[in-house]
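# Analysis of the macromolecular model
Single-letter residue listing:
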Amino acid sequence: MNTQVLHVQPEAIDRASIQAAAAIIRAGGLVAFPTETVYGLGANATDAAAVEGIFAAKQRPATDPIIVHIAGPESLSQIAIDIPERAWQLAHAFWPGPLTLILRRGPNIPANVSAGRDTVAVRMPAHPVAQALITAAGVPIAAPSANMFSRPSATTAAHVLEDLNGRIAMVLDGGPTSIGLESTVLDLTGDVPTVLRPGGISIEKLRELLPDVTAREQFQETDISAESPGQLIRHYSPRAEMRLYETQRDFKKMLMGTLQETLIGKRVGILLMSYEIAQVESVDGAEVFDLGPTPEDAAKHLFAGLRELDARGVDVIFAHGYARDGIGSAIWDRLLRAAEGKVQ
Ligand code: TXA
Ligand code: MG
């Protein structure tokens, strides 16, 4: 299959490109498109065969459910049933935006979208290209992140092509995504609202509206029914091995670590904040990737950094976490998975 790439400017959306993409979706094909979090790999969420195509293209295990993307809260009742009042309140407060709600699955959504569960994940993305595509398609769009299974998510069209060129019909290139990490996944089907995956909306923000919100323990989010959840720790993985440290305070220890690896002949990559790069004269022999000045910048550039250091051919990648509030807890979640749960 030849993957067509169409450039779409978010501020001046070309209608013809959106129509071409929407036609592919309606015909049961796959289109990758930008959202404010990461690129999604979209298919008609009401078409089980089209959704099957997503699993095949990504080599995603059929046990991992997919998020349904809608153009507005008014579509919620076509996706879910028994919608609790707090879902409407959350939609009102945080949509469009990086919050995914888990609700009871309605009859229009085939079981494979939800990996056989009776729940469904729904969100309304804020990106104008995503919104235009869903509206033009006239159907809800099921879309996981547009990467091969277990690879870092794609935050540019180039990343999508790195993983999926020749496997999907089209990529809408709307430039780099702004948040860079995926949406917060919030389960509203139990007694207590539970964050299954930290993401673009912080738990502190959710708590303002949901004082009883809790967070699921790290590492179990991807599939609670999995028999060996340990396997699921591997996610967002670069090809290189990760050396993960807790926070910025471990900066010195990190530099010592890079030196040791270099001495035994390994090629070393390191993800650093701009001010950290300014502090070191050189990280001897290491490939340095600048994540930018703030934790928000680090979130935005994290997946690009992992992919870029892989491309430079390093054997190990050094990185550290940030304070675990705000976006810091989502960054830590992704880093921990990239490192398969191992912290130095
Ligand atoms: O920001 C995002 O959420 C991006 C963009 C494209 O919207 N999408 C994304 O999809 O990250 P994906 O498939 O990479 O991650 C979806 C997460 C997975 O952890 C999945 O297990 C969980 O949401 N999920 C989906 N449906 C679920 C359900 N019914 N119950 C529990 N978890 C669910
Ligand atoms: Mg994903």
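Just so you know, these numbers come straight off a predicted model, no measurement behind them.

Okay, helix α5 (residues 128-137) next. The element α5 is extensively covered by neighbouring structure, given that 7 of its 10 residues are classed as buried. Those residues of α5 hidden inside the fold are in contact with α1 (15-26), β2 (31-34), β4 (67-69), β8 (141-142) and β9 (170-173). A positive backbone phi angle near 75 degrees is found at G138, which sits one or two residues after α5.

Every other side chain in a regular strand lies on the same face of the sheet, so the side chains alternate between the two faces. By the criterion of burial, strand β3 (residues 39-44) is predominantly enclosed, with 6 of the 6 residues buried. For β2 and β3, the ladder comprises 4 bridges, and the chain directions are antiparallel. Paired with F33 across the strands is G40, a residue of β3. In textbook terms, the turn of a hairpin is the stretch between consecutive antiparallel strands, and for β2 and β3 this stretch comprises 4 residues. Two strands pair when backbone bridges link them, and β3 and β8 are joined in this way by 2 bridges, in the antiparallel orientation. Across the sheet, the residue bridging to N44 is I141, located in β8.

Taken as a whole, the largest pocket holds about 650 Å³ of empty space. Among the elements that take part in the lining of the largest pocket, strand β7 (residues 119-123) stands out by supplying 4 residues, more than any other. Partitioned by chemical class, the residues of the lining of the largest pocket number 15 nonpolar, 14 polar and 10 charged.

Our focus in this paragraph is the packing of α1 against α5. Packed helices, taken two at a time, are described by the angle their axes make and the gap between the axes. Orientation of α1 relative to α5, taken along the N-to-C sense of each, is 55 degrees, at an axis distance of 8 Å. Judged by the inter-axis angle, α1 sits oblique to α5. Viewed along their axes, α1 and α5 form a crossing whose handedness is right-handed. On the side of α1, the interface is formed by R15, I18, Q19, A21, A22, I25 and R26, while α5 contributes V129, A132, L133, A136 and A137. Classifying every residue of the contact of α1 with α5 by side-chain character gives 9 nonpolar, 1 polar and 2 charged.

Most of the time, phi is negative for any residue but glycine, and the peptide bond is trans. The omega angle of the peptide bond from W95 to P96 is -5 degrees, so this bond is cis rather than trans. Turning to its location among the elements, P96 is positioned in the loop between α4 (85-94) and β6 (99-105). With phi around 50 degrees, A115 is a residue other than glycine that occupies positive phi space. Here A115 lies in the loop between β6 and β7. You will see that E340, though not glycine, has its phi angle at about 55 degrees, which is positive. The exposure class assigned to E340 is partly exposed, which follows from its relative accessible area of 42%.

Once that is clear, we can look at the pairing of strand β14 (residues 268-272). The buried fraction of β14 amounts to 5 of the 5 residues, a majority that puts the element mostly inside the structure. Here β14 shows two buried faces, one formed by V268, I270 and L272 and the other by G269 and L271.

Bringing the site of ligand 1 into the picture now. Around ligand 1 sit 25 residues in total, of which T37, R60, D64, H69 and S183 are the nearest. At 2.8 Å, a side-chain N or O of R60 approaches an oxygen atom of ligand 1. R197 is positioned with one of its side-chain polar atoms (N or O) 2.9 Å from an oxygen atom of ligand 1. When the free accessible area of ligand 1 is taken as 680 Å², the share hidden by the protein chains comes to 96%. Of the pockets mapped on this structure, ligand 1 occupies the largest pocket. Secondary structure elements with two or more residues in the shell around ligand 1: β3, β4, β7 and β11 (194-197).

Bringing the packing of helix α10 (residues 295-311) against helix α11 (residues 328-338) into the picture now. Following both chains from N to C, one finds α10 and α11 inclined at 25 degrees, their axes separated by 10 Å at the closest point. Classified by the interaxial angle, the pair formed by α10 and α11 is roughly parallel. In the crossing of α10 with α11, the sense of the turn from one axis to the other is left-handed. Here α10 contributes P295, A298, A299, L302, F303 and L306 to the contact with α11, which in turn contributes I331, R334, L335 and A338.

Moving on to the sheet that holds β14. Ordered by their spatial adjacency, 4 strands build an open sheet running β13-β16-β14-β15, and the pairing between neighbours is parallel. With partners counted over all chains shown, the strands left at the sheet margins are β13 (241-245) and β15 (287-290), one partner each. Between one strand axis and the next, the sheet turns by 20 degrees as a mean value, whatever way the strands run. Bridge count for β14 against β15 is 4 bridges, and the pairing is parallel. Pairing of G269 across the sheet is with E287, part of β15. Running over the sheet, helix α8 (residues 251-263) touches β13, β14 and β16 (316-320) and is turned about 165 degrees from β14.

What counts as what
Residues numbered from 1 in each chain as written. Chains lettered and ligands numbered in written order. Predicted model: local features only at pLDDT ≥ 70, side-chain atom pairs only at ≥ 80, totals over all residues. Heavy atoms only, no water. Buried < 20%, exposed > 50% of the residue type's maximum accessible area, 1.4 Å probe, protein only. Helix = DSSP H or I, 4+ residues; strand = E, 2+ residues; numbered from the N terminus. Contact = heavy atoms within 4.5 Å. Pairing = 2+ DSSP bridges. 1 Å grid on protein atoms, 1.4 Å probe; cavity = no way out; pocket = protein on both sides within 12 Å on 5 of 7 lines; lining within 4 Å. Points joined across faces, edges and corners; volume = space filled by probe spheres on them. Nonpolar A, V, L, I, M, F, W, Y, C, P; charged D, E, K, R; others polar. Axes fitted to C-alpha atoms, helices over the stretch in contact; angles between N-to-C directions. Parallel < 35°, antiparallel > 145°, perpendicular 65-115°, else oblique. Left-handed = near helix turned anticlockwise from the far one by under 90°. Near = heavy atom within 4 Å. Polar contact = N/O pair within 3.5 Å; in protein donor to acceptor, adjacent residues only side chain to side chain. Areas by Shrake-Rupley, 256 points an atom, 1.4 Å probe, with all protein chains shown as cover. Sits in = over half its atoms within 2 Å of the grid points.

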